[in-house]
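Breakdown of the fold
Here's the letter readout for the chains.
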Amino acid sequence: MSHIQTETLRNFIGGKWEEIKSGAAVPVVNPATSETIVHVPLSTRKEVSDAVKAAKKAQRKWALVPAPQRAEILYKVGQRMKEEKERLSQLLTMENGKVIEEARGEVQEGIDMAFYMAGEGRRLFGQTTPSELKDKFAMSVRAPVGVVGIITPWNFPIAIATWKSFPAIVAGNAVVWKPATETPIMAFELARIFEDCGLPEGVLNVVFGSGSTVGEAMIEAEDIRVISFTGSNQVGRTIAGKCGERLKKVSLEMGGKNAVIVMDDADLDLAVEGILWSAYGTSGQRCTACSRVMVHEKVKNELEERLQKAIARLSIGNGLDESIKVGPIINRSGLEKIKGYVDVGKAEGAKLLTGGYIMENGSHKKGNYFAPTLFTDVTKDMRIAKEEIFGPVVSLIPVQSFEEAVDINNSVEYGLSSSIFTKDVNKVFTAQRDLDTGIVYVNAGTTGAEIHLPFGGTKGTGNGHRDSGVAALDVFTEWKAVYVDFSGKLQRAQIDVD
Ligand code: UN1
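Anyway, here's the lowdown on the structure attached to this text. In this text the structure is predicted, and so the values were computed from the model without any measurement.

Take the overall build of the chain next. Within the chain one finds 14 helices and 23 strands. Whereas a compact globule of 498 residues would reach a radius of gyration of roughly 23 Å, the chain reaches 24 Å, a difference of no more than 12%. In terms of overall dimensions, the chain has a C-alpha envelope of 80 × 65 × 40 Å along the principal axes. Scored against the burial criterion, the 498 residues of the chain give a buried share of 56%. Pairs at least 24 residues apart make up 74% of the contacts formed inside the chain by residues separated by at least 6 positions. As displayed, the chain has an accessible area near 20,400 Å², and 51% of this comes from carbon and sulfur atoms. A gap of 4 Å separates the mean positions of the 59 positive and 63 negative side-chain charges of the chain.

Strands sit in the order S14-S17-S18-S13-S12-S20-S21 across an open sheet of 7 strands; the sheet is mixed. Each end of this open sheet is capped by a strand with a single partner; those strands are strand S14 (351–354) and strand S21 (439–442). Pairs of neighbouring strands in the sheet enclose a mean axial angle of 20°, with direction left out of account. As judged from the 3 bridges shared by S14 and strand S17 (residues 373–376), these two strands associate in the antiparallel manner. Residue pairing for S17: Lys351 is matched across the bridge by Thr376.

If you look at the biggest cluster of nonpolar residues, it comprises 67 residues, and the most contacted ones within it are Val77, Met81, Phe166, Trp177, Leu190 and Phe194. Sort the elements by how many residues they give to this core and helix H4 (residues 100–120) lands first, with 9 residues. When residues of this core are assigned to domains, at least three map to each of domain 1 (11–254) and domain 2 (258–442). When residues no more than four places from it in sequence are discounted, the contact partners of Trp177 are Ile150, Thr152, Pro157, Ala161, Ala187, Leu190, Leu204, Asn205, Val206 and Val207. Of all hydrophobic cores here, the second largest spans 30 residues; its members include Val262, Ile275, Leu303 and Ala371.

With that out of the way, let us pick up the pattern of salt bridges. Applying the stated criterion to the full structure yields 34 salt bridges. In this structure, Lys339 and Asp343 form a salt bridge, with 2.8 Å as the shortest nitrogen-oxygen distance. Here Lys339 pairs with Asp343, and both are found in helix H11 (residues 332–348), just 4 residues apart, close to one helical turn. The class of Lys339 is partly exposed, set by a relative accessible area of 23%. Linking Lys459 and Asp436 is a salt bridge whose minimum nitrogen-to-oxygen distance equals 2.8 Å. On the criterion of sequence distance, the pair formed by Lys459 in strand S22 (residues 458–459) and Asp436 in the loop between helix H13 (425–434) and S21 is long-range, its members being 23 residues apart. For Lys459, a relative accessible area of 35% translates into the label partly exposed.

What follows is about unusual backbone geometry. Here the phi dihedral of Ser34 falls at roughly 65°; this positive angle occurs in a residue that is not glycine. Examined against the element boundaries, Ser34 turns out to sit in the loop between strand S3 (25–29) and strand S4 (36–41). With a phi angle near 55°, Asp377 is a residue other than glycine that sits in the positive phi range. By the secondary structure assignment, Asp377 is in the loop between S17 and strand S18 (393–399).

Next up on the list: empty space enclosed by the protein. Under the defined criterion, the tally for this structure stands at 2 cavities of 30 Å³ or more. Counted as a void, the largest cavity has a volume near 70 Å³. Its residues assigned to classes, the lining of the largest cavity shows 6 nonpolar, 5 polar and 3 charged. In terms of lining residues, the second largest cavity is bounded by Lys257, Asn258, Arg292, Asn409, Val412, Tyr414, Gly415, Leu416, Ser417, Asp436 and Thr437. When the residues that make up the lining of the second largest cavity are grouped by side-chain class, the tally is 3 nonpolar, 5 polar and 3 charged.

Turning our eyes to something else, we now look at the layout of surface pockets. Approximately 1,100 Å³ is the volume attributed to the largest pocket. Forming the boundary of the largest pocket are 46 residues, of which Trp154, Gly231, Ser232, Asn233 and Val235 lie nearest the centre. Listing elements by their share of the lining of the largest pocket, those giving two or more residues are helix H7 (211–220), strand S10 (224–230), helix H8 (233–245) and H11. Sort the elements by how many residues they give to the lining of the largest pocket and H8 lands first, with 6 residues. Split by residue class, the lining of the largest pocket holds 17 nonpolar, 20 polar and 9 charged. Two domains each put at least three residues into the lining of the largest pocket: domain 1 (11–254) and domain 2 (258–442).

About the criteria used
- Residues numbered from 1 in each chain as written.
- Predicted model: local features only at pLDDT ≥ 70, side-chain atom pairs only at ≥ 80, totals over all residues.
- Heavy atoms only, no water.
- Helix = DSSP H or I, 4+ residues; strand = E, 2+ residues; numbered from the N terminus.
- Rg over C-alpha atoms; globule rule 2.2 N^0.38 Å.
- Buried < 20%, exposed > 50% of the residue type's maximum accessible area, 1.4 Å probe, protein only.
- Contact = heavy atoms within 4.5 Å.
- Areas by Shrake-Rupley, 256 points an atom, 1.4 Å probe, with all protein chains shown as cover.
- Lys, Arg positive; Asp, Glu negative; His and termini not counted.
- Charge placed at Lys NZ, Arg CZ, Asp CG, Glu CD.
- Pairing = 2+ DSSP bridges.
- Axes fitted to C-alpha atoms, helices over the stretch in contact; angles between N-to-C directions.
- Core = buried A, V, L, I, M, F, W, Y, C linked by side-chain atoms within 4.5 Å.
- Domains from an automatic or database assignment.
- Salt bridge = Lys/Arg side-chain N within 4 Å of Asp/Glu carboxyl O.
- 1 Å grid on protein atoms, 1.4 Å probe; cavity = no way out; pocket = protein on both sides within 12 Å on 5 of 7 lines; lining within 4 Å.
- Points joined across faces, edges and corners; volume = space filled by probe spheres on them.
- Nonpolar A, V, L, I, M, F, W, Y, C, P; charged D, E, K, R; others polar.

As structure tokens, then:
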């Protein structure tokens, strides 16, 4: 890893790569091999405070740079990411475990976001609208909020970081970023690319460390006006409470319990492919991963058989090998959690069709591998049908009708993504209206969001905000209404209207 400056990564604060005083660090472990790749520092409140100060200072100037010029940096960043795509993808597979094809997809998602948000530099549209008074002009503009805090997860360490930091930067904010300690290399690489592309010092600051110290200090920092977080529901709720007390804007994306509906008229080959890709891709470690399948009873046996055959063909192993389809689980505690849910499912009376165990033989011994798992005869009240597992575990829930499938889809606490396989156009349109998730797919699995559309969900998935798409700008800007009276006299709104 010669391109990484030291054995322990450094924070990026005010344009400088800073070692932390205490020297405290933890290893970053490749989940496919259990080898230590690098160390990540555990910063303290002091580093957060330094980063906030640097960001505050930089933001004042950055906000005055015309947005199309701010965007120029994002174009350069996108271009650099494109040139370095293969190298970044390899590193991503090493630190996160996802298979190389998916790592390339994730880096591409970041590249797409760079060009898309760079385009916003020449849009950032507000509204112009007539005033109710003569000789008066009315418009709204987006103003940056100031310093923003972003807290990103290990499962999409570069894509999600771009969803949050790119709109923040193009809109004229400065960023303090705490990446997940499991996957700091993507943060190091992205910050380095920004530095190389000429981002003024202090506009992007990276502080490595734990949620309980670094995350907490960011929430408490008065000068951070927005927190954008992706992670667990439990942590998100705590953040929301703390931000609420401080009247701090907070945008949360907290996972899902996503379902595919397979109707009796579905193209079953397509449904099997869609389920396989969205459930076992990324080893089920996506917020959008398919975790439930509501299958019409008429095609239940057929779907079970086809899925089992398809699962048996999945190759599981080190994602750097191009032939591998399913990589490892991020760490040991992730594995234990998944195993725990399999035990719960069995105890609840669900029927295990395949998988259900930690793979500990042969080449799998070195990494954290979980066998792709399929349960059937699951009922909607079982815990495995309600709680987020974040692993390669699917529950088939037999249903008798379309309406029942939609009801079950909507019965969980989360509302991120859902999908339906059917050829009936009436069901397609009814489903897109009635499924209560932030993302709906027709004749595709539950994953595959594109960056120019809003990403997020309802109920326990979020708090009404969205990542990516134009909606992301709402998180990182304040609306400002501007009235210009050119009548030369005092005109009172609502009163001098005749
Ligand atoms: C996530 O799992 O948090 O739609 C992000 C998808 C990807 C992004 C997933 N484009 O699955």
